[in-house]
Structure formats: C-alpha cells, structure tokens
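Listed here are the chains, written in short residue letters.
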Amino acid sequence: MNPVILEHYKHPRRHGALAAPTVRRRDVNPFCGDEVTIDLLLANGRIEDAGFDGRGCSLSLAAASILLDNVTGRPIDAVRRMSSDDMLALLDMEIGPIRRKCALLPFSVLQACLAEEKNGHE
Amino acid sequence: MKTTTLDRAAALRADFPILARKIGGRRLVYLDNGATSQKPEPVIRTLDDYYRFHNANVHRGAHTLSEEATTLYEQARLHIARFINAPSDTQVIYTSGTTESINLVANTWGRANLGPGDEVLITEMEHHSNIVPWHILRDQLGFTLRYVPVTDDGLLDEDALDDLLTERTKLFSFIHVSNVLGTVNPAAELTARAHAVGAKVLIDGAQSVPHMPVDVQALDADFLVFSGHKMCGPTGIGVLYGKRELLEAMPPFKGGGEMIRDVKMSGSTWADLPHKFEAGTPPIAQAIGLGAAVEYLTGIGMAWVHEHEQELLAYAYPRLGEIEGLRILGPGPTRRSGLISFILDDVHPHDLAAVLDQAGVAVRAGHHCAQPLHDRFGISASARASFYLYNTPEEVDILCAALEKAQDIFAF
Ligand SMILES: Cc1ncc(COP(=O)(O)O)c(C=O)c1O
C-alpha cells in the first residue's frame with residue numbers, strides 16, 4: 001500500500017460537511033457503489049473552504065482529502081482548468097484503468113460543484 | 001480432505017498454463033472464477049488450431065475449409081447439448097453469453113407473451129443481467145415485475161413464493177446459483193411450482209453449469225442460459241437452451257444473414273432452429289472453443305468438479321469464519337456452491353482486493369452486478385473468493401493469511 005494514500009485515508013484532511021456551503025454535490029461510482037459528497041464555500045472568486053464526506057476505498061477517500069487540501073484557497077478558474085491528469089499527478093502513483101475510477105470520483109464531484117456554481121450565476 | 005480429490009486438482013493445474021504465472025514475484029492464486037475461469041491447454045490449442053488450419057465462414061461456400069469449419073461448429077453444439085442433456089442439439093442456440101441469452105428471451109418470447117396485467121417474477125438475488133432486461137421491457141409493455149425476497153441467511157423466501165406465484169405469473173426467471181451468496185436454489189422444485197400455476201421458467205445457469213451436473217430435462221427448464229467463459233471456454237460465446245415448442249413459436253431476435261430461409265423484397269421467412277436465432281457471422285472459433293471446454297469438463301466429470309469444490313468450501317468456510325471481524329454473506333456451508341463473499345470490518349473490499357493482489361491472490365471486489373442484493377443486506381460492496389476445479393486448500397491458506405495482513409494494514 002502507498003503510505004501517503006494510507007495516511008490520508010486514516011487521517012483525512014477536510015473531512016466533514018461545511019456548516020453553510022455555497023454548493024454541495026454527491027456522486028457515486030457505478031462500478032462499486034462508492035459515494036462522495038463535497039461541500040464548497042466560494043467567495044471572491046476563490047474556494048475559501050471545502051469539506052467532504054463519503055464511503056469508499058482508501059484511494060477514493062484519500063483522493064478527496066488530497067484534492068480538497070490542494071484546491072482550498074485557490075482561484076475557482078484555476079481549479080476549473082484542472083484536468084484528470086492533473087488530479088492523477090497529485091496522487092503521484094501508478095493507477096490502472098479500474099482503480100482510476102476510484103481515484104477520479106472526488107475530482108468529478110468537485111468539477112460538478114464548480115459547474116453548478118457557474119450555472120447558478122448565469 | 002480426501003487426498004484423491006486433491007491429487008487430481010493438483011494434477012489438473014498443469015493443464016492451465018496461466019496458473020504458472022507469477023504476480024509481483026508470487027505464485028498466482030486465482031480465486032476469481034465466478035467472474036471468469038482460466039482456460040486449459042486443450043481449449044487454447046483448439047482456438048489456435050482453428051485459426052491455423054480450418055478458418056472459414058460457416059454454412060456458406062462449398063469449399064473444404066468452410067466444410068471443416070461448419071462441421072467443427074456444429075459438432076461443438078452437439079457436445080454442448082449432451083453436456084446439459086438437451087433432447088436435441090437444435091435446441092442449443094449460440095449467443096454471446098448469459099446476458100445476451102436473457103435479452104433474447106425478453107425481446108422475443110417476452111414481447112410475444114407479456115402485457116398489462118401479466119407478471120414476471122424474479123428474485124432479489126439476481127445478477128443485473130436478469131433484472132435490467134425486464135426493467136426495460138416492463139417500461140415498454142406495462143407488465144408487473146415482482147421479486148421473491150431473500151431471507152437473512154441468504155435463501156429464497158419460500159413462503160413468500162406461495163403468494164407471489166399466481167395465475168398472473170407468466171414467467172419465473174431465477175438464478176440457479178447466486179454469484180454473491182453462493183446459494184444453490186432448488187431449481188427443479190421451483191420450476192415445478194411455477195409450472196403448477198402455468199408460468200414458464202428461465203434458469204440463469206451462469207454459476208451452476210460450470211460447477212455441477214445440470215440436466216435440463218431433469219429440471220424441466222423451459223429456458224436455461226449460461227456463459228462459456230466461466231466454464232473453461234472463450235469469451236464471446238454462451239448458450240440459450242429452450243424447449244422446442246417455445247423456440248419454434250418465438251419470433252427471431254436479430255435479422256440478417258444466416259437466420260433466413262427465404263428473403264424476397266416483400267418479406268422474409270426464417271430458418272429452422274437453431275439458426276433462426278443466429279443472425280450474421282457467428283463467433284465461430286469461440287463456439288468451437290466452448291465445445292472443447294465441454295469435452296474437457298466431461299472428461300474430468302462434473303460430479304467430480306462439484307465434489308472437489310464442496311470439499312474446498314468445507315475447508316475454507318470455517319477458516320474464513322475464524323478471522324475476527326469477517327462476515328460471510330449467505331447460507332451456511334451445506335446449501336451453497338464453491339464461492340464465498342464476505343466483508344471485513346474496517347477494510348473496504350477494493351482495498352482488500354488490492355492487498356490480496358500484492359500477495360498474488362485474485363478476488364473480486366464490488367457489488368458483483370447485484371446491487372439490489374447488496375442493498376438488501378445494507379452494504380455497498382463485498383469481496384468474493386470463488387473456486388474452480390484447479391484450486392487447492394493451500395490457496396485457501398494463502399488467502400486467509402493475506403486477509404489478516406490486510407486487517408493489520410488498514411487497522412485504524
Ligand atoms: C449469475 C450470473 N448471471 C449472469 C451473468 C452474466 O454473464 P455474462 O456477463 O457472461 O453475460 C453472470 C456473470 O457475470 C452471473 O454470475
């Protein structure tokens with residue numbers, strides 16, 4: 001097991017719902033039933049705060065922890081421009097096509113949050 | 001455990017070249033046979049020979065290769081018919097697998113026989129392939145889909161069945177052996193009960209035909225479906241067996257070459273069984289490969305395969321049960337087939353599978369295409385070890401040791 005993943009899994013950062021999120025999105029991985037919910041607090045064009053909750057394997061939950069840690073405080077536009085390869089680079093490990101779906105679940109929920117926020121303003 | 005069975009299994013391993021593979025430097029312990037089995041040398045050789053020496057299209061052209069390919073293709077059908085004791089090889093329809101076989105029945109027999117007021121009965125332990133086709137069809141035809149409940153110990157609720165089987169039931173479609181719980185459903189008895197109310201019966205044999213003797217006439221099944229790849233055969237080939245009068249009355253499934261008697265601008269007439277249901281160029285090598293798989297299994301004897309897996313189960317069930325925090329899904333060791341699904345406290349099934357993989361052990365993790373069943377037990381996923389004729393008790397020991405290691409790694 002990758003020690004960084006295990007560490008984030010056992011001691012997740014940004015775990016737990018936000019009190020008053022700007023957006024909240026939940027999604028499931030249809031291949032295994034894992035689910036992740038992400039809350040974002042958006043202000044001044046930035047992700048001011050973020051929190052997640054979910055049920056899943058170490059990879060999907062560690063990915064949520066690592067991702068939210070990375071994007072908190074960053075400009076929304078920059079985070080919107082992140083690609084799935086950028087996400088996989090954050091994890092810094094080799095991931096096969098099956099586990100990739102676990103690794104990318106939080107990323108897709110985050111992007112859905114930001115898309116929803118954009119639509120909300122238009 | 002009887003040494004004879006074990007010696008035989010150990011000897012049979014030599015027939016499966018992939019079992020000599022190393023995974024990350026460790027010997028492969030392949031316990032994902034419920035998903036797909038490994039292939040023995042005779043099957044691999046048959047595929048290779050076919051492409052090297054006999055390859056041609058079937059039932060067309062009068063050249064030597066086409067004659068040879070057609071003979072091999074139809075001989076395989078005969079072997080498969082004998083394997084399940086079908087009255088005739090014309091009742092063995094080649095499909096791409098269990099999933100296509102069920103979709104075929106839904107879209108031909110189903111469309112011709114189901115409408116508002118009718119009921120199709122399935123069970124809570126079905127694989128998605130025996131749920132989703134009925135969802136799609138119900139939404140189009142307006143019949144009612146009902147489910148036989150599963151008890152806490154993983155058996156079909158036979159009392160509820162009395163109320164669910166009525167003269168409105170047109171089809172009872174059930175899994176013979178559960179791919180998650182391992183439950184062996186009493187198929188002959190269930191079939192008789194369905195017939196008593198006038199319902200037809202489809203048996204999903206995907207997890208039974210590879211592992212035990214299955215006799216369609218003894219079961220009195222109207223339809224039996226299974227996949228070649230779970231029984232030493234290639235992927236892309238499976239079977240629909242049906243009673244003659246049903247198959248004859250059913251309209252074709254797909255239209256195209258091979259399945260017609262006569263095509264005029266004004267319309268077409270269909271070929272006789274089985275070709276009516278086999279439109280287009282079929283998976284020829286795969287069908288011949290499945291024939292070789294069936295010959296291989298017949299040579300070993302399905303009664304032996306069953307006995308061997310029962311012995312492995314008798315060994316593995318209590319061993320797994322001893323692991324603290326491990327919960328086995330489904331019935332006790334006497335009413336089940338050679339597969340065990342379980343959950344382990346604090347370790348997600350994916351993580352478990354990943355740690356086991358590092359020990360060379362291949363198991364399945366997830367909902368095993370049976371989401372309603374997992375919902376029924378209040379879990380989202382499980383891990384599954386599924387045995388086949390080449391597995392040994394030593395491999396069960398390796399599995400148990402790796403499970404304990406996974407617990408250590410993920411302990412909070
Ligand atoms: C009980 C059962 N039914 C149906 C299927 C579907 O088989 P296939 O994917 O080969 O069509 C499977 C295997 O995954 C199964 O275990």
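What you are looking at is a predicted structure, and each value in this text was computed from that prediction instead of being measured.

Remarks on the nonpolar core
One recurring pattern in soluble globular proteins: nonpolar side chains tend to sit buried together.
Residues and elements named next belong to chain B.
Logical step 1: The biggest cluster of nonpolar side chains holds 78 residues, and the ones touching the most others in it are I84, F172, L224, M231, L297 and L389.
Logical step 2: The element contributing the most residues to this core is helix α10 (residues 284-300), with 11 residues.
Logical step 3: Both domains that meet at this core, namely domain 1 (3-30 + 301-409) and domain 2 (45-299), each give it at least three residues.

A closer look at the interface of chain A and chain B
Logical step 1: With 16 residues of chain A at the interface, the matching set in chain B holds 14 residues.
Logical step 2: Together, the buried faces of chain A and chain B total about 1300 Å²; carbon and sulfur atoms form 55% of this surface.
Logical step 3: Taken together, the links from chain A to chain B amount to one salt bridge.
Logical step 4: As a salt-bridge pair, B:D351 and A:R99 come within 3.6 Å of each other at their nearest N and O atoms.
Logical step 5: Where chain A touches chain B, the interface holds four residue pairs in polar contact (both at pLDDT 80 or more).
Logical step 6: In terms of residue count, the dominant contributor to the side of chain A that touches chain B is helix α1 (residues 3-10) of chain A (three residues).
Logical step 7: When the residues that make up the side of chain A that touches chain B are grouped by side-chain class, the tally is nine nonpolar, three polar and four charged.

Regarding the site of the ligand
Residue and element names in this part refer to chain B.
Logical step 1: Around the ligand lies a shell formed by T98, T99, H127, S129, I175, N179, D204, A206, Q207, S227, H229 and K230.
Logical step 2: In the environment of the ligand, an oxygen atom lies 2.7 Å from a nitrogen or oxygen atom belonging to the side chain of Q207.
Logical step 3: K230 has a polar side-chain atom sitting 2.8 Å from an oxygen atom of the ligand.
Logical step 4: Protein burial of the ligand: of its 390 Å² of free accessible surface, 85% is covered by the chains.
Logical step 5: Grouping the amino acids of the shell around the ligand by side-chain chemistry returns two nonpolar, eight polar and two charged.

Some remarks on the environment of B:V150
Residues and elements named next belong to chain B.
Logical step 1: With respect to the secondary-structure elements, V150 resides in the loop between β6 (144-148) and α6 (158-164).
Logical step 2: On the accessibility criterion, V150 (4% relative accessible area) is buried.
Logical step 3: Taking the C-alpha atoms as reference points, V150 and A160, 10 residues apart in sequence, are found 9.6 Å from one another.

Side note on the side chain of B:T95
Residue and element names in this part refer to chain B.
Logical step 1: The residue T95 is located in strand β4 (residues 92-95) in this model.
Logical step 2: What makes T95 buried here is its relative accessible area of 4%.
Logical step 3: Only 3.1 Å separates the side chain of T95 from the backbone oxygen of G97, close enough to count as a polar contact.

Observations concerning the sheet that holds strand β3 (residues 46-55) of chain A
Residue and element names in this part refer to chain A.
Logical step 1: Pairing is antiparallel in the open sheet, where three strands are placed in the order β1-β2-β3. Among the strands making up the open sheet, the edge pair consists of β1 (23-28) and β3. Sheet twist, expressed as the average angle between the axes of neighbouring strands with direction ignored, equals 15°.
Logical step 2: Alignment of β1 against strand β2 (residues 35-43), held across six bridges, turns out to be antiparallel. Residue pairing across strands places R24 opposite D39, the latter belonging to β2.
Logical step 3: On the sheet, helix α2 (residues 58-71) packs against β2 and β3 and is oriented at approximately 170° with respect to β3.

Let's talk about the domain arrangement of chain B
Residues and elements named next belong to chain B.
Logical step 1: With domains assigned, chain B is organised as domain 1 (3-30 + 301-409) and domain 2 (45-299).
Logical step 2: The gap between the C-alpha centroids of domain 1 and domain 2 is 28 Å.
Logical step 3: Contact with domain 1, which involves 33 residues of that partner, is made by 35 residues of domain 2.
Logical step 4: For the pair domain 1 and domain 2, the summed buried surface comes to about 2700 Å²; carbon and sulfur atoms form 59% of the total.
Logical step 5: The salt bridge partner of R376 is E124, with a shortest N-O separation of 3.7 Å.
Logical step 6: Viewed at the interface, domain 2 and domain 1 are joined by 17 residue pairs in polar contact (both at pLDDT 80 or more).

A word on the packing of aromatic side chains
All names here are of chain B.
Logical step 1: Taken as a whole and assessed by the stated rule, the structure comprises eight aromatic pairs over all chains.
Logical step 2: Where Y388 meets Y390, the ring centres are 5.7 Å apart and the plane angle is 80°; that geometry is what we call edge-to-face.
Logical step 3: Exposure remark for Y388: the relative accessible area of 0% places this residue in the buried category.
Logical step 4: Classification of Y390 by relative accessible area gives buried; the value is 0%.
Logical step 5: Members of the aromatic cluster, connected to one another through ring pairs, are F16, Y296, Y388 and Y390.
Logical step 6: The residue whose ring lies beneath R8 is W304, and the NZ or CZ to ring-centre distance is 4.9 Å.

With respect to the sheet that holds strand β7 (residues 169-175) of chain B
All names here are of chain B.
Logical step 1: Read across the sheet, seven strands follow the order β4-β10-β9-β8-β7-β5-β6 without closing on themselves; strand pairing throughout is mixed. In this open sheet, the two edge strands, each paired with only one partner strand, are β4 and β6. Between one strand and the next, the sheet's axes are offset by a mean angle of 20°, whatever the strand orientation.
Logical step 2: Sheet topology note: the β4/strand β10 (residues 238-242) ladder contains four bridges and is antiparallel.

Some points on the environment of B:V216
All names here are of chain B.
Logical step 1: Note on placement: V216 falls in helix α8 (residues 216-219).
Logical step 2: Residues V216 and N85, spaced 131 residues apart in sequence, show a C-alpha to C-alpha distance of 6.1 Å.
Logical step 3: Other than its neighbours up to four places away in sequence, V216 contacts I84, N85, A86, A221, L224 and Y241.

Let's talk about the pattern of salt bridges
Logical step 1: Within the structure shown, the criterion is met by 33 salt bridges over all chains.
Logical step 2: A:D77 is the partner of A:R80 in a salt bridge, and the nearest nitrogen-oxygen pair spans 3.4 Å. A residue pair is termed a helical-turn pair when its members lie 3 or 4 positions apart in one helix, as A:R80 and A:D77 do in helix α3 (residues 76-80) at three residues.
Logical step 3: The class of A:R80 is partly exposed, set by a relative accessible area of 24%.
Logical step 4: Of the charged contacts in the structure, one is a salt bridge between B:E395 and B:R27, with a shortest N-O distance of 3.3 Å. Taken together, the residues span a long stretch of sequence, with B:E395 in helix α14 (residues 393-410) and B:R27 in strand β2 (residues 26-27) at a distance of 368 residues.
Logical step 5: Counted as one network, the salt bridges with shared partners bring together B:R13, B:R27, B:E394 and B:E395.

Thresholds applied
- Residues numbered from 1 in each chain as written.
- Chains lettered and ligands numbered in written order.
- Predicted model: local features only at pLDDT ≥ 70, side-chain atom pairs only at ≥ 80, totals over all residues.
- Heavy atoms only, no water.
- Core = buried A, V, L, I, M, F, W, Y, C linked by side-chain atoms within 4.5 Å.
- Buried < 20%, exposed > 50% of the residue type's maximum accessible area, 1.4 Å probe, protein only.
- Helix = DSSP H or I, 4+ residues; strand = E, 2+ residues; numbered from the N terminus.
- Domains from an automatic or database assignment.
- Contact = heavy atoms within 4.5 Å.
- Buried area = accessible area lost by both parts, 1.4 Å probe.
- Salt bridge = Lys/Arg side-chain N within 4 Å of Asp/Glu carboxyl O.
- Polar contact = N/O pair within 3.5 Å; in protein donor to acceptor, adjacent residues only side chain to side chain.
- Nonpolar A, V, L, I, M, F, W, Y, C, P; charged D, E, K, R; others polar.
- Near = heavy atom within 4 Å.
- Areas by Shrake-Rupley, 256 points an atom, 1.4 Å probe, with all protein chains shown as cover.
- Pairing = 2+ DSSP bridges.
- Axes fitted to C-alpha atoms, helices over the stretch in contact; angles between N-to-C directions.
- Phe/Tyr/Trp six-rings, centres within 6.5 Å; stacked < 30°, edge-to-face > 60°.
- Lys NZ or Arg CZ within 6 Å of the ring centre and 35° of its normal.

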